[in-house]
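# Structural overview for review
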Amino acid sequence: MVGRFVVVVFLGVVVAGCSSGELESREEVLARAQRAVPADPKLAALYATSCKACHTATDAGAPLVQDRAAWEPRWKKGMPTLLKSTVGGLGGMPAGGQCFACSTADFEGLIRFLAGHEG
C-alpha cells in the first residue's frame, strides 16, 4: 500500500514538473523583462524614460517587468494601493518613479504593464 502511494506521489511530481506551469529561470524572466515594451506608444515613451532602468535590472531591487512571481502579491493589493505606492514612492523608488509627465491614467497603465496585466 505504501509502495503504491509513493509511486503515485512520484508520478504526480513528474507530471507537475513537465507541465507548462513550470517556473521560469531568473534568466528567462530577465530576458523577457528587457524585451518588454508597452503597446501604447505614449506609455512606451514614459516607460523608457522613467521605469525601464530599474524594472529591467536585477540589482535595482525593483520587481522585474511582468515577473508574475514578483508582481502577483503586489497586484492582489489592488490598483489604489499600487497607485499610492507609485505616486508616493516606496523603498528605493522615488515618488512617481521620477515620471514628472505622468498622469494618474499613465501611472495606472504603466502599473498594468509592469505587472503583466496590460490590456
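Just so it is clear, the model here is predicted, and its values are computed rather than measured. (Residues numbered from 1 in each chain as written. Predicted model: local features only at pLDDT ≥ 70, side-chain atom pairs only at ≥ 80, totals over all residues. Heavy atoms only, no water.)

## Quick word on the confidence of the model for the protein
What counts here: As a per-residue measure, pLDDT tells how confident the predictor is, with possible values from 0 to 100. A helix here means a DSSP run of H or I that spans at least four residues, while a strand means a run of E at least two residues long, and both kinds are numbered starting from the N terminus. Any two residues having at least one pair of non-hydrogen atoms within 4.5 Å are treated as being in contact.
Scored by pLDDT, the protein comes out at a mean of 85, with 82% of its residues at no less than 70. The least confident element of the protein, judged by mean pLDDT, is helix H1 (residues 2-18) at 40; the most confident is helix H7 (residues 104-115) at 98. The low-confidence segment residues 5-20 (pLDDT under 50) makes one contact with residues lying over four places distant or belonging to another chain.

## Some words on H7
To keep it simple, the criterion reads: Take the number of residues in a helix, subtract one, and multiply by 1.5 Å to get its expected span. Each residue is assigned to one of three classes by its accessible area relative to the maximum for its type, calculated with a 1.4 Å probe on protein chains only: buried under 20%, partly exposed between the two thresholds, exposed over 50%.
In this model H7 runs 16 Å from its N-terminal to its C-terminal C-alpha over 12 residues, within 8% of the 16 Å that 1.5 Å per residue would give. Those residues of H7 that sit buried are Asp106, Phe107, Gly109, Leu110, Ile111, Phe113, Leu114 and Ala115. In this structure, the buried residues of H7 make contact with helix H3 (41-50), helix H4 (52-55), helix H5 (68-75) and helix H6 (79-88). Just downstream of H7, glycine 116 is the residue with a positive phi angle, here 80°.

## Some points on the packing of aromatic side chains
For clarity, the threshold we go by: Between rings of Phe, Tyr and Trp, where Trp is taken as its six-membered ring, a pair exists when centres lie within 6.5 Å; planes separated by under 30 degrees are stacked, by over 60 edge-to-face, and by other angles tilted. Counted as over-ring charges are cases with an Arg CZ or a Lys NZ within 6 Å of the ring centre that also lie within 35 degrees of the ring normal.
All chains considered together, the criterion is met by one aromatic pair. A cation over a ring is seen here: arginine 74 above tryptophan 71, with NZ or CZ 6.0 Å from the ring centre.

## Examining the nonpolar core
Soluble globular proteins tend to bury their nonpolar side chains together. Operational definition: Throughout this description, the term nonpolar core refers to a set of buried Ala, Val, Leu, Ile, Met, Phe, Trp, Tyr and Cys residues connected via side-chain atoms within 4.5 Å.
Ranked by size, the top nonpolar core spans 21 residues in total, and within it Leu46, Tyr47, Val65, Cys102, Leu110, Phe113 and Leu114 carry the most contacts. Those residues in contact with cysteine 102, other than ones at most four positions away along the chain, are Leu46, Phe107 and Leu110.

## Re H6
The condition is simple: In this context, the arc is that of the directions from the helix axis out to the C-beta atoms.
Within H6, burial applies to Met79, Leu82, Leu83 and Thr86. For H6, the angular spread of buried residues about the axis comes to 100°, placing them on one side. Exposed side of H6, more than 90 degrees from the buried face: Pro80, Lys84 and Gly88 are the residues found there. Among the structural elements, H5 and H7 are those in contact with the buried residues of H6. Looking one or two residues past H6, glycine 89 carries a phi angle of roughly 90°, positive in sign.

## Describing the packing of H5 against H7
Operational definition: Note on geometry: axes are C-alpha line fits, over the in-contact stretch for helices, and angles between N-to-C directions span 0 to 180 degrees. Any angle from 65 to 115 degrees is called roughly perpendicular, while one under 35 is roughly parallel, one over 145 is roughly antiparallel, and all others are oblique.
Two elements in contact, H5 and H7, have axes separated by 9 Å at closest approach and are oriented at 135°. Judged on the interaxial angle alone, H7 and H5 are oblique. For the pair H5 and H7, contact is made by Arg68, Trp71, Glu72 and Trp75 and by Ile111, Arg112, Leu114 and Ala115, respectively.

## As for the state of the cysteines
Quick reminder of the rule: By convention in this document, the label disulfide applies to cysteine sulfur atom pairs within 2.5 Å.
Scanning all chains against the criterion turns up one disulfide. Through a disulfide, cysteine 99 is tied to cysteine 102; the S-S separation comes to 1.9 Å. Classification of the bridge connecting cysteine 99 and cysteine 102 rests on its S-S torsion, roughly 80°, and on that basis the disulfide is right-handed. Pair check on accessibility: cysteine 99 and cysteine 102 agree, each one buried. With no disulfide of its own, cysteine 51 lies closest to cysteine 102 among cysteine sulfurs, the gap being 6.4 Å. Given a relative accessible area of 12%, cysteine 51 falls into the buried group.

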